[in-house]
Amino acid sequence: SDLGLDTKVAWQRTLSVVDQQRIALARVFVTKPKYVFLDHVTEAIRANECRELFEAFRAAGITAVTFGDPSLASQHDAVFDIREHGEWSVVGAGA
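Reference entry: report on the structure contained in this document. On a predicted model such as this, the values are computed, not experimentally measured, just so you know.

Cut-off values and rules
- Residues numbered from 1 in each chain as written.
- Predicted model: local features only at pLDDT ≥ 70, side-chain atom pairs only at ≥ 80, totals over all residues.
- Heavy atoms only, no water.
- Helix = DSSP H or I, 4+ residues; strand = E, 2+ residues; numbered from the N terminus.
- Expected span 1.5 Å × (residues − 1).
- Salt bridge = Lys/Arg side-chain N within 4 Å of Asp/Glu carboxyl O.
- Buried < 20%, exposed > 50% of the residue type's maximum accessible area, 1.4 Å probe, protein only.
- Core = buried A, V, L, I, M, F, W, Y, C linked by side-chain atoms within 4.5 Å.
- Arc of directions from axis to C-beta.
- Contact = heavy atoms within 4.5 Å.
- Pairing = 2+ DSSP bridges.
- Patch = residues over 30% accessible without salt bridge, like charges linked within 9 Å, V, L, I, M, F, W, Y side chains within 5 Å.
- Areas by Shrake-Rupley, 256 points an atom, 1.4 Å probe, with all protein chains shown as cover.
- Axes fitted to C-alpha atoms, helices over the stretch in contact; angles between N-to-C directions.
- Parallel < 35°, antiparallel > 145°, perpendicular 65-115°, else oblique.
- Left-handed = near helix turned anticlockwise from the far one by under 90°.
- Nonpolar A, V, L, I, M, F, W, Y, C, P; charged D, E, K, R; others polar.

So, about helix 2 (residues 17–31). Helix length check: helix 2 (15 residues) gives 21 Å between terminal C-alpha atoms against 21 Å at 1.5 Å per residue, within 8%. Count one or two residues on from helix 2 and you reach K32, which has phi positive near 45 degrees.

Encoded structure:
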């Protein structure tokens, strides 16, 4: 095949959604932002791999903010709980 590094490809049709999410996670470690916002991260990686992922974020100085998966609460220092009618609370470190 003539696919080189400069070849344009419709990745959304070539890679699965899970593969696209994994590449996005890899980009986080390359760009090292101060914050990363993750929505339903357990769709891209297994729940048991999340602990290692969040440890790697901490080691890299990246603060992870996740949405949509209450099972990840134990991996965070604090949980921001948004309820009906605009009510909210922060539970955990520094709360």
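Next comes the rest of the account.
Another aspect to go through is the pattern of salt bridges. With the rule as written, the count across this model stands at two salt bridges. For R46, the salt bridge goes to E49, with nearest N and O atoms at 3.0 Å. Since its relative accessible area comes to 54%, R46 is described here as exposed. For E49, a relative accessible area of 25% puts it in the partly exposed group.

Within the largest apolar cluster, 14 residues are counted, with the highest numbers of intra-cluster contacts made by L25, V36, L38, V41, I45, F54 and F57. Put simply, the parts of the chain that give this core at least two residues each are helix 2, strand 1 (35–39) and helix 3 (47–59). Here this core takes four residues from helix 3, the largest share from any one element.

Taking 1.5 Å of rise per residue, 13 residues should cover 18 Å, and helix 3 covers 19 Å from first to last C-alpha, within 8% of that figure. For helix 3, the full list of buried residues reads C50, L53, F54 and F57. The arc enclosing the buried residues of helix 3, seen along the axis, measures out at 95 degrees, which places them on a common side. For helix 3, the exposed residues set more than 90 degrees away from the buried face come down to N48, E52 and A59. Of the surrounding secondary structure, the elements contacted by the buried residues of helix 3 are helix 2, strand 1 and strand 2 (63–67). Positioned one or two residues after helix 3, G61 has a phi angle of 75 degrees, which is positive.

Moving on, we get to the pairing of strand 3 (residues 78–82). Relative to strand 4 (residues 88–92), strand 3 runs antiparallel, the two sharing five bridges. Within strand 4, the position partnered with D81 by the bridge is S89. In this antiparallel pair of consecutive strands, strand 3 and strand 4, the connection spans five residues, and H85 shows a positive phi of 60 degrees.

The subject of this paragraph is a nonpolar patch on the surface. Taken together, the side chains of F80, I82, W88 and V90 define a hydrophobic patch exposed on the protein surface, amounting to about 450 Å² of accessible area. Elements supplying a minimum of two residues to the nonpolar patch: strand 3 and strand 4. On the secondary structure map, F80 appears in strand 3.

Let us now look at the packing of helix 2 against helix 3. Relative to each other, helix 2 and helix 3 sit at 25 degrees, their axes nearing to 11 Å. Judged on the interaxial angle alone, helix 3 and helix 2 are roughly parallel. Two packed elements cross with a definite hand, and for helix 2 against helix 3 that hand is left-handed. Residues R22, L25, V28 and F29 of helix 2 form the contact with helix 3, whose participating residues are E49, L53, A56 and F57. In terms of residue class, the contact of helix 2 with helix 3 is built from six nonpolar, no polar and two charged.

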